Amino acid sequence: MDQDLINIVEDLPKGGARILLEGFPDVGLVGFISVSYMIEKLEMKEIGYIDSELLPPLVVINDSKVRNIIRLYHKDDIAALISEIPIPLPLIRPLGNSLIDWCKGKEIKEVISISGIAEPNRLDIDVPKVLAIASNKDFLDYLTHKIGIEKFDEGYLTGFKAELLKEGAKRNFNVALLLAQAHFNYPDPGAAAQMILSLSKLFDRKIDVTPLLKSAEMLKVQMRDLMRRTNENLIRLQKSKEMEVPPVYV
Amino acid sequence: MVNLSLWRKRFFSRIREIEEEIDRATEELFREIKEEELRRNYIIPLYNIRENEREYIISIDIPGVNKEDINLELQKDKLILEGPCNIKLPSGRGNCYKLAIELTEPIEPEKVRARYKNGVLEISILKKAEERRKIRIE
């Protein structure tokens with residue numbers, strides 16, 4: 001059924017990528033900003049898109065070129081996925097499911113989902129922390145050791161990233177979620193920069209975040225419409241639940 | 001006897017209707033914001049209001065403004081912000097932030113604090129304290 005709803009059109013060869021980076025719009029647009037920046041700095045090539053009848057009939061026009069809203073990029077062993085709109089609620093489950101199927105089919109070994117975690121005191125934090133959670137303990141231990149970050153040990157996660165994590169755990173597939181402390185309601189290029197520094201360590205590639213920090217103010221203004229729509233989506237996803245502490249389980 | 005399947009069908013159909021109504025209202029709001037911005041050539045910033053029984057904590061995202069140029073005023077129950085935006089957008093539009101927020105509860109106009117850091121303006125406004133009376137528990 002999911003295969004009928006989701007259409008992944010691409011020309012990635014089997015075994016062509018080891019890692020899929022996902023940066024859909026979410027808290028502070030951390031995933032969107034970080035992954036878009038990585039795509040630009042690593043000079044990744046657009047290789048495909050995802051379409052669905054559950055997406056609005058919308059295209060992006062850049063340089064008089066028609067582009068899809070959920071696009072796939074590739075370079076060396078990394079594939080990257082970004083979306084110009086927040087993922088509509090009815091699409092979350094089928095897309096999560098189809099994406100893991102697709103990764104398995106393409107022999108991609110790991111999915112790294114990039115996001116923000118709402119920090120009410122973000123204004124008082126100069127260097128936001130990056131935390132990790134993964135679909136299995138070995139993968140989580142590997143990531144926290146390699147990047148030198150803490151584990152996300154307790155709390156709730158909602159939305160597409162939670163769905164990916166759940167599917168990964170269910171199907172014994174390596175899915176990780178990296179979360180940077182971020183403003184809940186505002187685009188947060190500062191949090192995205194910290195995320196990119198963590199990804200640089202993970203991929204053993206040096207990525208300079210100075211240009212991102214220099215253009216932070218411009219990015220914030222330009223991305224306010226996407227943030228506004230994302231906020232609306234996050235409310236429906238009960239995203240504030242992520243700020244709650246789960247009850248103690250016995 | 002209750003026809004459960006019919007009841008369920010009606011229930012989910014009503015949920016879908018409500019969702020569609022919310023979508024329409026949200027889209028209408030986004031359209032109004034963009035129309036206002038484009039017509040008047042200013043930027044309506046993103047903001048967030050938190051409140052407890054003591055105070056309002058309002059944060060407003062206004063990157064590219066000099067702290068000295070922010071004009072923040074209280075007019076009765078309305079918080080009004082204006083500030084020139086120094087960022088040159090590729091579209092050439094929007095050279096000023098404007099926002100008015102209506103506060104629903106009476107406030108102490110003398111007890112307002114504001115700070116501006118990394119493009120975010122945070123304002124805390126004390127609410128007027130209501131008279132309290134201790135209740136004896138028997």
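Parameters and conventions
- Residues numbered from 1 in each chain as written.
- Chains lettered and ligands numbered in written order.
- Predicted model: local features only at pLDDT ≥ 70, side-chain atom pairs only at ≥ 80, totals over all residues.
- Heavy atoms only, no water.
- Phe/Tyr/Trp six-rings, centres within 6.5 Å; stacked < 30°, edge-to-face > 60°.
- Helix = DSSP H or I, 4+ residues; strand = E, 2+ residues; numbered from the N terminus.
- Buried < 20%, exposed > 50% of the residue type's maximum accessible area, 1.4 Å probe, protein only.
- Lys NZ or Arg CZ within 6 Å of the ring centre and 35° of its normal.
- Contact = heavy atoms within 4.5 Å.
- Buried area = accessible area lost by both parts, 1.4 Å probe.
- Salt bridge = Lys/Arg side-chain N within 4 Å of Asp/Glu carboxyl O.
- Pairing = 2+ DSSP bridges.
- Axes fitted to C-alpha atoms, helices over the stretch in contact; angles between N-to-C directions.
- Patch = residues over 30% accessible without salt bridge, like charges linked within 9 Å, V, L, I, M, F, W, Y side chains within 5 Å.
- Areas by Shrake-Rupley, 256 points an atom, 1.4 Å probe, with all protein chains shown as cover.
- Expected span 1.5 Å × (residues − 1).
- Bend = angle between axes of the 7 residues up to and from the residue.
- Domains from an automatic or database assignment.
- Polar contact = N/O pair within 3.5 Å; in protein donor to acceptor, adjacent residues only side chain to side chain.
- Nonpolar A, V, L, I, M, F, W, Y, C, P; charged D, E, K, R; others polar.

Asks: Help me understand the packing of aromatic side chains, please; the structure alone is not making it clear to me.
Replies: Where two aromatic rings form a pair, the distance of their centres and the angle of their planes describe that pair. Residue and element names in this part refer to chain B. Enumeration according to the criterion identifies four aromatic pairs over all chains in this entry. Considering the side-chain rings of W7 and F11, the 5.5 Å spacing of their centres and the 10 degrees angle between planes classify their relative orientation as stacked. Highlighted residues: W7 and F11, both in helix α1 (residues 4-40), separated by four residues, approximately one helical turn. Under the relative-accessibility criterion, W7 is labelled exposed at 51%. With a relative accessible area of 38%, F11 lands in the partly exposed category. With a centroid separation of 5.3 Å and 80 degrees between ring planes, the pair formed by F11 and F12 is classed as edge-to-face. Above the ring of Y56, the side-chain terminus of K127 is found at 4.8 Å from the ring centroid.

Asks: Can you walk me through the interface of chain B and chain A in this structure?
Replies: Reports often express the size of an interface as the amount of accessible area lost when the parts come together. Listed as interface residues are 30 residues of chain B and, on the opposing side, 20 residues of chain A. Taken together, the two surfaces of chain B and chain A that pack against each other cover about 2300 Å², and 54% of this comes from carbon and sulfur. The largest share of the area that chain B buries against chain A comes from F30, L46 and K117 of chain B, three residues that together contribute 26% of it. Run the count over chain B and chain A and you get six salt bridges.

Asks: Before we go on, may I ask you to explain the sheet that holds strand β11 (residues 174-182) of chain A in this structure?
Replies: Two pairing modes exist for strands in a sheet, parallel and antiparallel, and in both the strands are linked by backbone hydrogen bonds. Residues and elements named next belong to chain A. If you trace the nine strands from one edge of the open sheet to the other, you get β1-β3-β6-β7-β2-β8-β11-β9-β10, paired in mixed fashion. Each having just a single partner strand, β1 (6-10) and β10 (150-151) make up the two edges of the open sheet. Relative to strand β8 (residues 110-118), strand β2 (residues 19-23) runs parallel, the two being bridged by four bridges. Across the sheet, the residue bridging to L21 is I112, located in β8. Of the strands in this sheet, β1, β2, β3 (45-52), β6 (70-75), β7 (78-83), β8 and β11 are in contact with helix α3 (residues 89-105), which crosses β1 at around 40 degrees. Lying on the sheet, helix α6 (residues 189-203) is in contact with β2, β7, β8, β9 (130-134) and β11; it crosses β11 at an angle near 145 degrees.

Asks: Explain a nonpolar patch on the surface here, please?
Replies: All names here are of chain B. A grouping of V2, L4, W7, F11, F12 and I15 is seen on the molecular surface, where their side chains present a nonpolar patch of about 630 Å² in accessible area. Assignment of secondary structure puts L4 in helix α1. On the basis of relative accessible area, L4 is assigned to the exposed category, the value being 60%.

Asks: Sorry, what's going on with the sheet that holds strand β1 (residues 47-51) of chain B here?
Replies: Residues and elements named next belong to chain B. With antiparallel pairing, four strands are arranged side by side in an open sheet as β1-β2-β7-β6. At either end of the open sheet lies a strand with only one pairing partner, and these are β1 and β6 (107-117). For this sheet the average axis-to-axis angle between neighbouring strands, irrespective of direction, equals 15 degrees.

Asks: Sorry if this is basic, but what is going on with α3 of chain A here?
Replies: An α-helical segment advances 3.6 residues per turn. Residues three or four places apart therefore align on the same side. Residue and element names in this part refer to chain A. Taking 1.5 Å of rise per residue, the 17 residues of α3 would be expected to cover 24 Å, and the 25 Å separating its terminal C-alpha atoms lies within 8% of that figure. The axis of α3 is deflected most strongly, by about 30 degrees, at L95. Along α3, the positions that sit buried rather than exposed are L91, I92, P94, L95, G96, S98, L99, I100, W102 and C103. Within two residues after α3, E107 carries a phi angle of roughly 60 degrees, on the positive side.

Asks: Looking at this structure, I do not really get the domain arrangement of chain B. What am I missing?
Replies: All names here are of chain B. Domain boundaries assigned for chain B yield domain 1 (1-40) and domain 2 (42-127). Look at where the C-alpha atoms of domain 1 and domain 2 centre, and you get two points 30 Å apart. Across the boundary between the two partners, domain 1 contributes five residues, which contact four residues of domain 2. Of all residues in domain 1, the largest losses of buried area upon contact with domain 2 belong to E37, L38 and R40, amounting jointly to 75% of the total for that side. At the junction of domain 1 with domain 2, the criterion picks out zero salt bridges. Taken together, the connections running from domain 1 to domain 2 amount to four residue pairs in polar contact (both at pLDDT 80 or more). Grouping the constituent residues of the side of domain 1 that touches domain 2 by class yields two nonpolar, no polar and three charged.

Asks: Just checking my understanding: could you explain the pairing of β9 of chain A for this structure?
Replies: A regular strand places its side chains so that they alternate between the two faces of the sheet. Residue and element names in this part refer to chain A. Among the five residues of β9, five are classified as buried, and the element is accordingly described as predominantly covered. Judged from the five bridges that link them, β9 and β11 form a sheet pairing that is antiparallel. Paired with V130 across the strands is A180, a residue of β11. For β9 and β10, the ladder comprises two bridges, and the chain directions are parallel. Bridged to A132 within β10 is K151.

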